[in-house]
Amino acid sequence: NGRIPIDLRLQPVDERRLDDRLDVEILADGVPAALFASLVRGFERVDGTVDGRLAIGGTTLDPALGGELTLTGGRATWAVSGVRYTDVKGTFRVLSDQLVDVALDAKAGDGRARVSGAITFAPISDPSFDLVLDAEQFLAARRRDVDLVGTGRLTLRGRYTRPEVTGALRVDQGTLYLDEIWRQFQRFSFDDPLLFDFAVLDTSAVSVRRLISASTNPFVTNLVADVAVDVGRGSWLKGRGLNIEVNGRLQVQYDRRAEDLRITGTLHAIRGGRYDLYLAEALPVRSFTVSQGTIEFDGTPGLNPDLDIVATHRVARQNGPLLVEAVVTGDLESPRVTLRSNEEPPISESDLLSYVIFGRPTYQLAGRESQQLGQANQLGIGVLTPSLFGFATLGLETFASNLGIADYIAV
């Protein structure tokens, strides 16, 4: 109950507020937390209750806060991270007219995180933050393109309309799904002339915005981040034909408003991962075991690291096994694969490819096999030329998703 003085004449909303006494008291007794969560867009399936008292005084031009609210039994899913938070509890205690002390604790996955600090509601429509998040084995993301469990400390400052995140995070477990990232690179309008001109897609012209999911939440839309990320063992790069465990250290700088994502640092491939050599559809796939390599991020916009990965494949021969190495270079958008071995005298790449596919050199191949090998060499080792069917399916996926009939469609 209370008194809110406003001018009801037809005029801009900001001019309806009066420099007159504001006196409102909110008594919460088992109020659904969803009522309060609706004030911050992006939360779904919100459970829990809020108890306490909140007083709003001052004037409508300059409101002042007082009181304390307690959240218990909270659960919610944040659409941006794809994570379901459970066992959420905390208090919001007003220390002065516009300063609110925050203590919040939540569970996600098998870990927990605690948020502490203060929010200053000046102005009340665009509060400023001074918050610290301490996480331990906390499930930070569960999306189509990334799955992440981390430990560390992050600091949130700035305002609701321009938040700034800094700090350090250790990735305890994580997976980056390269197929989904590559899919986002290739998305285009269903009526794009590319579909009909049989042209090759120029991914270098694709904006980084395709890698960043859309959001109408101003907190997410204007987010700025500069975070040091230690990638520990148990972190993987996975994609069609690629399954590599990595570790290393990265510096991630992200400006959502400018659609600018920059990553600097190196990930090291850990021995034992897998690389599958894809050639033409009619040819068999051969698996190579990763022996060493690096994935280098040089700080250019987007997510397109340089690759330098060495993987081995053992071929059985009558005169002893042959160890063939596939060297993957280039970048994520345009990988290049060459074959080599340590045999003396050196074996040509065509013969190595023949050994990998058919188990014998080119001069022992039948006519049909030689023809298939020639087609594979024309395509370029390990790289499939994009087909019209591939373009069509990507277009259909984008078109169907834009209709809003489903969250995710894949052909």
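Our subject is the structure listed above.
Our next topic: the pairing of strand β17 (residues 322-330). Inspection of the sheet shows strand β16 (residues 306-315) paired to β17 by 7 bridges, in the antiparallel sense. When the sheet's bridge partners are listed, His313 is paired in β17 with Val324. Hairpin connection from β16 to β17: 6 residues lie between these consecutive antiparallel strands, with Gly320 at a positive phi of about 115 degrees. Count of turn residues in the β17/strand β18 (residues 335-340) antiparallel hairpin: 4 residues.

Looking now at unusual backbone geometry. A cis amide bond links Ala122 to the next residue, Pro123, at an omega of 0 degrees. With respect to the helices, strands and loops of the structure, Pro123 is situated in the loop between β7 (111-120) and β8 (128-142). In this model, Asp87 sits at a positive phi of 50 degrees, which is unusual for a non-glycine residue. You can see Asp87 is positioned in strand β5 (residues 83-94). Assessed through its relative accessible area of 39%, Asp87 is described here as partly exposed. A positive phi angle, close to 50 degrees, is found at Gln137, a residue other than glycine. Within the secondary structure layout, Gln137 lies in strand β8.

Within the secondary structure, Val40 is located in the loop between α1 (33-37) and β3 (43-58). Accessibility expressed as a relative area gives 34% for Val40, which makes it partly exposed. Separated by 178 residues in the primary sequence, Val40 and Pro218 place their C-alpha atoms 9.4 Å from one another. Excluding residues within four positions of it along the chain, Val40 makes contact with Tyr160 and Asn217.

Turning our attention to the nonpolar core. General note: in soluble globular proteins, nonpolar side chains tend to be found buried as a group. Counting 83 residues, the largest nonpolar core has Tyr275, Phe288, Ile295 and Val324 as the members making the most contacts within it. For Val324, the residues in contact, after removing those within four places along its chain, are Phe288, Ala311, Thr312, His313, Val315, Leu339, Arg340, Leu352 and Val356.

This part is about the environment of Leu250. Relative to the elements of secondary structure, Leu250 occurs in strand β12 (residues 242-255). Look at Leu250 and you get buried, because its relative accessible area is 9%. Leu250 sits 14 residues away from Thr264 along the chain, and the two C-alpha atoms are 5.6 Å apart. Filtering out sequence-adjacent residues up to four positions away, Leu250 remains in contact with Val227, Ala228, Val229, Val231, Ile263, Thr264, Gly265, Thr266, Leu267 and Phe297.

Calculation rules
Residues numbered from 1 in each chain as written. Predicted model: local features only at pLDDT ≥ 70, side-chain atom pairs only at ≥ 80, totals over all residues. Heavy atoms only, no water. Pairing = 2+ DSSP bridges. Helix = DSSP H or I, 4+ residues; strand = E, 2+ residues; numbered from the N terminus. Buried < 20%, exposed > 50% of the residue type's maximum accessible area, 1.4 Å probe, protein only. Contact = heavy atoms within 4.5 Å. Core = buried A, V, L, I, M, F, W, Y, C linked by side-chain atoms within 4.5 Å.

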